[in-house]
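So you can see what is in the structure, the chains are spelled out below.
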Amino acid sequence: MLHERYIKYPLDQSGNEVIKRTVWKGLPQGSVLSPLLYNIYTYDLELSVEGQVNVLQYADDLLLYVSGRSLENISNILSSSLSALNNWLNNNGLDLSPSKSSVVVFSRMKNIPPINVHYNGIPLVIKDSVKFLGVILDCKLTGLPHFENIVLRCERNLNILRCLTGVWWGAHPFTMRLLYNALIRSVLDYGTFLLHPGNVKAIKKIDSIQSKALRLVTGAMKSSPISCLQVECCDPPLAFRRQFLCDKFFFRTLQLDSHPLLSKVKQLAELVGTCNYWAHKDSPCLVKSYKKYQSLEAPTYRSATLPLYQHDYNSLIIDPDIRFNIGLSKNDINPKIEFINLLNIEWANWHCLYTDASKHGDRSCVGVGIFHSQYKGLQLIKLPPETSVYTGECYGLLKAIEYILMLKIPKTIIFSDSRSALEAITRFPFKTHKQSPVVFNIRNLLYKCSQKSCAVVLAWIPSHVGIPGNERADQLANEAIHVGDIVPYHNYCHDLINLSKVYLYVDWNEIWNKETAKGVHYRHIQPSIPRKPWFSKIFFSKTVTSILCRMRLGHVCSPAHLHIINKKPDPLCSCGDYGDLNHIFFACSLHDRSDFLSSLESLRIPFPTSIICLLFSNSYDIYKILSVFLEKNDIKI
């Protein structure tokens with residue numbers, strides 16, 4: 001928002017009139033204060049049209065919307081609201097550009113009658129679609145214009161990938177995958193889950209973009225199944241990817257009571273369950289996320305504001321006394337004796353508390369154990385299955401500090417084997433991207449301890465080295481999984497956000513286990529979906545990596561496969577035998593394999609073996625032997 005004025009000054013020495021541009025209202029574009037000052041300046045903008053229309057505002061992008069059954073009434077309401085908005089803008093020294101404004105009627109009617117909406121006497125243009133915050137919304141909400149725009153943008157970015165690599169030359173697949181994530185997948189991700197379910201043909205177009213990109217990344221043949229390429233690159237089907245992003249977004253909004261999304265999605269879920277229109281359509285992604293939220297047994301912790309703004313400023317800036325190195329490690333000869341000596345020397349008159357958390361499997365509850373060595377005090381706490389061990393460790397530290405305040409212990413050291421929990425407490429709270437209320441509560445209690453002259457030190461110790469207090473806390477944590485105190489028993493949103501990836505891999509593995517048509521060969525090599533591609537930890541040349549990817553996928557330029565896809569009249573190798581992969585590596589007389597076979601024998605590979613067995617191992621040593629054989633014989637398949 002920048003208003004400029006041109007002022008004429010007297011003639012200069014040459015006799016020319018001087019015109020200078022001065023800024024008299026607003027801030028230069030890109031100023032760090034612009035968003036904050038704009039929000040303050042326009043805080044009462046919505047009040048000017050309150051009760052007539054709904055308002056969506058993101059910085060200077062303003063959207064007014066209203067629903068109803070009569071188009072005439074809707075157009076009158078919009079016109080009167082725009083008139084009220086015009087009065088507010090004039091009173092505040094702002095203006096609106098009618099040429100950049102438009103009206104869209106969202107309706108399932110085939111023929112929409114003309115409507116007339118005015119702003120300051122100027123009729124606004126009626127369009128079939130509108131772009132708001134980067135998402136193109138068409139009047140039928142099919143998503144077709146938005147998906148077509150995505151395809152156009154991604155095709156241009158695909159040309160960048162094509163310039164950087166080929167099948168036998170160019171950037172390594174690991175680098176290409178990073179470029180794909182930055183240039184293409186980011187475009188495919190933005191806003192698409194809001195338009196699901198949309199136009200089926202349009203969705204298939206963006207699916208084809210993914211398949212083209214993954215073939216460029218791996219150097220795979222066009223006949224390679226897309227489901228296998230997705231597993232090879234650890235890039236899920238876009239439908240699962242959209243649901244994953246929706247789950248993350250939905251669970252993140254749950255932490256605020258004031259967020260309007262939950263109530264609106266609840267209404268949408270009720271409509272989907274009762275309306276005949278949705279009987280033969282897939283549910284929206286937000287509705288699926290809402291049903292996952294409903295299926296949770298434990299309530300979710302929610303607050304009126306973000307955790308950062310719920311505590312005293314002094315508690316946010318304190319520097320807690322946390323020791324990450326007390327002179328003890330797992331490599332010590334007798335850690336137990338050294339720890340006892342350390343206590344007697346450094347903390348002779350201090351009370352010692354030990355905390356630990358445990359979880360047995362994905363569906364197990366989290367147990368938290370706290371042990372006070374001087375008073376032999378015990379505390380067992382049980383948290384929901386959705387809770388992470390990290391949250392359990394933080395919660396154990398929180399309850400230990402509460403225990404100190406309750407007993408008013410003057411000097412206490414709390415030992416924990418969770419380095420990540422202690423690092424989260426030391427991290428500067430104004431820069432943390434994870435708003436964990438447990439960590440903020442810990443800092444708040446540490447500040448109260450300092451006010452009441454209770455000295456508290458947090459110290460990290462290695463786990464499972466025989467330290468009596470730590471072993472006892474670990475035992476209590478395992479018992480707490482079944483018999484721990486369940487008050488309070490609720491989930492935290494940062495744990496639910498992590499669940500979105502769990503849901504993704506559960507759904508993806510389910511369809512991958514049912515893959516029987518085209519991916520049989522690859523499923524023998526990769527029976528489960530990995531978290532990272534194999535080529536992210538095994539680095540060979542681009543040529544060798546592409547060949548290994550093709551061999552894993554089962555689609556290579558061998559005589560046998562070229563015959564299957566009708567690219568060669570017969571499946572015979574140049575030596576006259578059936579030319580599949582096993583023949584090329586183990587039997588073809590045209591290749592030198594003396595070093596190859598001896599290298600496999602040195603790794604104690606049982607013979608007879610096959611290429612599938614060698615590729616299944618995912619072993620660097622075996623893959624290295626295969627790469628040496630390919631390069632030595634100049635094989636490009």
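Residues numbered from 1 in each chain as written. Predicted model: local features only at pLDDT ≥ 70, side-chain atom pairs only at ≥ 80, totals over all residues. Heavy atoms only, no water.

## Some remarks on the overall build of the protein
We count it as follows: In this text, helices come from DSSP runs of H or I with a minimum length of four residues, and strands from runs of E with a minimum of two, each type numbered from the N-terminal end. Burial classes: relative accessible area under 20% of the type maximum marks a residue as buried, over 50% as exposed, and values in between as partly exposed (1.4 Å probe, protein chains only). We call two residues contacting when some pair of their heavy atoms lies within 4.5 Å. Computed with a 1.4 Å probe, the accessible areas rest on the Shrake-Rupley method; for each residue, only the protein chains presented here act as cover. Charge assignment: positive for Lys and Arg, negative for Asp and Glu; neither His nor the chain ends contribute. By convention, the charge on Lys lies at NZ, on Arg at CZ, on Asp at CG and on Glu at CD.
Check the secondary structure of the protein and you find 23 helices and 16 strands. Seen through its C-alpha atoms, the protein measures out along the principal axes to roughly 90 × 85 × 75 Å. Here the protein holds 637 residues, and the buried ones make up 47% of them. By sequence separation, contacts in the protein at least 24 residues apart represent 66% of the contacts at least 6 residues apart. Total accessible area on the protein stands at roughly 33,600 Å², and carbon and sulfur atoms take up 54% of it. In the protein, the 69 positive side-chain charges and the 53 negative ones have mean positions that sit 4 Å from each other.

## Quick word on the confidence of the model for the protein
This is how the line gets drawn: Summary of the metric used: pLDDT quantifies the predictor's per-residue confidence within the range 0 to 100.
Here the protein averages 88 in pLDDT, while 95% of its residues score no lower than 70. Segment residues 1-7 is flagged for pLDDT under 50; beyond a separation of four residues in sequence, or across chains, it makes 31 contacts in the model.

## What to know about helix H15 (residues 468-483)
Selection rule: By this rule the span expected of a helix is its residue count minus one, scaled by 1.5 Å. The directions considered for the arc are those from the helix axis to the C-beta atoms.
Here H15 spans 22 Å end to end across 16 residues, near enough to the 22 Å set by a 1.5 Å rise per residue. Among all positions of H15, only Gly469, Asn470, Ala473, Asp474, Leu476, Ala477, Ala480 and Ile481 are buried. The arc that holds the buried residues of H15, viewed along the axis, is 165°, so those residues lie on one side. In H15, the exposed residues that point more than 90 degrees away from the buried face are His482 and Val483. The secondary structure elements touched by the buried residues of H15 are strand S12 (351-359), strand S13 (366-372) and strand S14 (377-383).

## Structural notes on the state of the cysteines
We apply this condition: Disulfides are defined as cysteine sulfur pairs within 2.5 Å.
Counted according to the given criterion, the structure contains 0 disulfides. Cys493 provides the cysteine sulfur closest to Cys394, a residue in no disulfide bond, and the two sulfurs are 16 Å apart. Left without a disulfide partner, Cys613 is nearest to the cysteine sulfur of Cys228, which lies 18 Å away.

## Let's talk about the pairing of S12
On a regular strand, one side chain projects to one face of the sheet and the next to the other, so that they alternate. As a reminder, the rule being used: By this definition, two strands are paired if DSSP reports at least two bridges between them.
Within S12, 8 of the 9 residues are buried, leaving the element largely enclosed by the surrounding structure. Two elements, S12 and strand S15 (residues 411-416), share 5 bridges in a ladder whose sense is parallel. Bridge pairing in S15 places Leu353 opposite Ile414. Count of turn residues in the S12/S13 antiparallel hairpin: 6 residues, of which Gly361 carries a positive phi of about 90°.

## With respect to the pairing of strand S3 (residues 54-58)
Two strands pair when backbone bridges link them, and S3 and strand S4 (residues 61-65) are joined in this way by 5 bridges, in the antiparallel orientation. For Asn54, the partnering residue across the bridge sits in S4 and is Tyr65. Connecting S3 to the next strand, S4, in antiparallel fashion are 2 residues, including Ala59 with a positive phi near 55°.

## Structural notes on the environment of His494
Following the sequence through the fold, His494 ends up in helix H16 (residues 493-513). Residues His494 and Lys140, spaced 354 residues apart in sequence, show a C-alpha to C-alpha distance of 36 Å. The residues touching His494, leaving out its near neighbours within four places in the chain, are Thr391, Ser436 and Pro437.

## Overview of the sheet that holds S13
Quick note on the threshold: Axis definition: a line fit to C-alpha positions, over the contact stretch in the case of helices; interaxial angles, taken between N-to-C directions, run 0 to 180 degrees.
Strand order in this open sheet of 6 strands is S11-S16-S15-S12-S13-S14, and the pairing throughout is mixed. Each end of this open sheet is capped by a strand with a single partner; those strands are strand S11 (322-323) and S14. Relative to strand S16 (residues 455-460), S15 is paired through 6 bridges, and the arrangement is parallel. What sits directly across from Ser416, in S16, is Trp460. Each of S11, S15 and S16 is contacted by helix H13 (residues 419-426), which is oriented at about 135° to S16, the strand it contacts most.

## Describing the packing of helix H18 (residues 542-553) against helix H23 (residues 620-632)
Just so we agree on the cut-off: Comment on the angle field: the value is read as roughly parallel under 35 degrees, roughly antiparallel over 145, roughly perpendicular from 65 to 115, and oblique elsewhere. Definitions for this section: a left-handed crossing has its near helix turned counterclockwise from the far helix by less than a right angle. A right-handed crossing has that turn clockwise. Note on residue classes: Ala, Val, Leu, Ile, Met, Phe, Trp, Tyr, Cys and Pro are nonpolar, Asp, Glu, Lys and Arg are charged, and everything else, Gly too, is polar.
Running from amino to carboxyl end, H18 crosses H23 at an angle of 115°, the nearest separation of the two axes being 10 Å. Classed by the angle they form, the pair H18 and H23 counts as roughly perpendicular. Relative to H23, H18 is oriented so that their crossing is right-handed. Contact with H18, carried on its side by Val544, Ile547, Leu548, Met551 and Arg552, involves Tyr623, Leu626, Ser627, Leu630 and Glu631 of H23 and no other residues of that element. A breakdown of the residues in the contact of H18 with H23 according to their chemical character gives 7 nonpolar, 1 polar and 2 charged.

## Observations concerning a nonpolar patch on the surface
Definition in use: Like-charged residues within 9 Å of one another, or nonpolar side chains (Val, Leu, Ile, Met, Phe, Trp, Tyr) within 5 Å, are grouped into patches, provided each residue has over 30% relative accessible area and no salt bridge. Just to be clear on terms, a salt bridge is a Lys or Arg side-chain nitrogen sitting within 4 Å of an Asp or Glu carboxyl oxygen.
Together, Val32, Leu33, Leu36, Leu37 and Ile40 line one region of the surface with nonpolar side chains, adding up to about 500 Å² of accessible area. Its location among the elements puts Leu36 in helix H1 (residues 34-41).

## Observations regarding the nonpolar core
Put simply, the rule reads: By nonpolar core is meant a set of buried Ala, Val, Leu, Ile, Met, Phe, Trp, Tyr and Cys residues that side-chain atoms within 4.5 Å join together.
Core analysis: the largest hydrophobic core is formed by 86 residues, its most contacted members being Ile184, Leu188, Phe250, Leu548, Met551, Phe585 and Leu626. Top element by residues in this core is H16. It accounts for 9 residues. If you look at the next biggest cluster of nonpolar residues, it comprises 36 residues, including Leu383, Leu398, Ile401 and Cys449.

## Here's the deal with the packing of helix H3 (residues 144-164) against helix H4 (residues 173-189)
Here H3 crosses H4 at 170°, and the two axes come no closer than 9 Å. Between H3 and H4, the crossing angle belongs to the class labelled roughly antiparallel. Residues Ile150, Arg153, Cys154, Asn157, Leu158, Ile160, Leu161 and Leu164 of H3 touch H4, and the partners they reach there are Met176, Leu179, Tyr180, Leu183, Ile184, Val187 and Leu188.

## Section: the pattern of salt bridges
Pairs may arise between side chains of opposite charge once their charged atoms sit close together. Scanning the entire structure with this criterion turns up 15 salt bridges. A salt bridge links Glu232 to Arg552, with the shortest nitrogen-to-oxygen separation between them at 3.0 Å. Of this pair, Glu232 sits in helix H6 (residues 226-232) while Arg552 is found in helix H18, placing the two residues 320 residues apart along the sequence. Of the residues examined, Glu232 reaches a relative accessible area of 1% and is grouped as buried.

## Some points on unusual backbone geometry
Keep in mind that most residues, glycine aside, have a negative phi and that most peptide bonds are trans. Residues His196 and Pro197 are joined by a peptide bond in cis, for which omega reads 0°. Relative to the assigned elements, Pro197 resides in the loop between H4 and helix H5 (200-218). At the junction of Phe607 and Pro608, the peptide bond is cis and its omega measures out at 0° in the coordinates. Position of Pro608 among the secondary structure elements: in the loop between helix H21 (594-602) and helix H22 (611-616). Its identity as a non-glycine residue notwithstanding, Cys234 has a phi of 55°, on the positive side. With respect to the helices, strands and loops of the structure, Cys234 is situated in the loop between H6 and helix H7 (238-253).

## A closer look at the environment of Asn349
You can see Asn349 is positioned in the loop between helix H11 (335-346) and S12. Under the relative-accessibility criterion, Asn349 is labelled exposed at 69%. Distance from Asn349 to Ala202, taken between C-alpha atoms, is 71 Å for residues 147 residues apart in sequence.

## Topic: the side chain of Ser224
The residue Ser224 is located in the loop between H5 and H6 in this model. On the basis of relative accessibility, which here comes to 2%, the residue Ser224 falls in the buried class. Ignoring any residue separated from it by four or fewer positions in sequence, one finds Ser224 in contact with Arg215, Leu229, Leu553 and His555.

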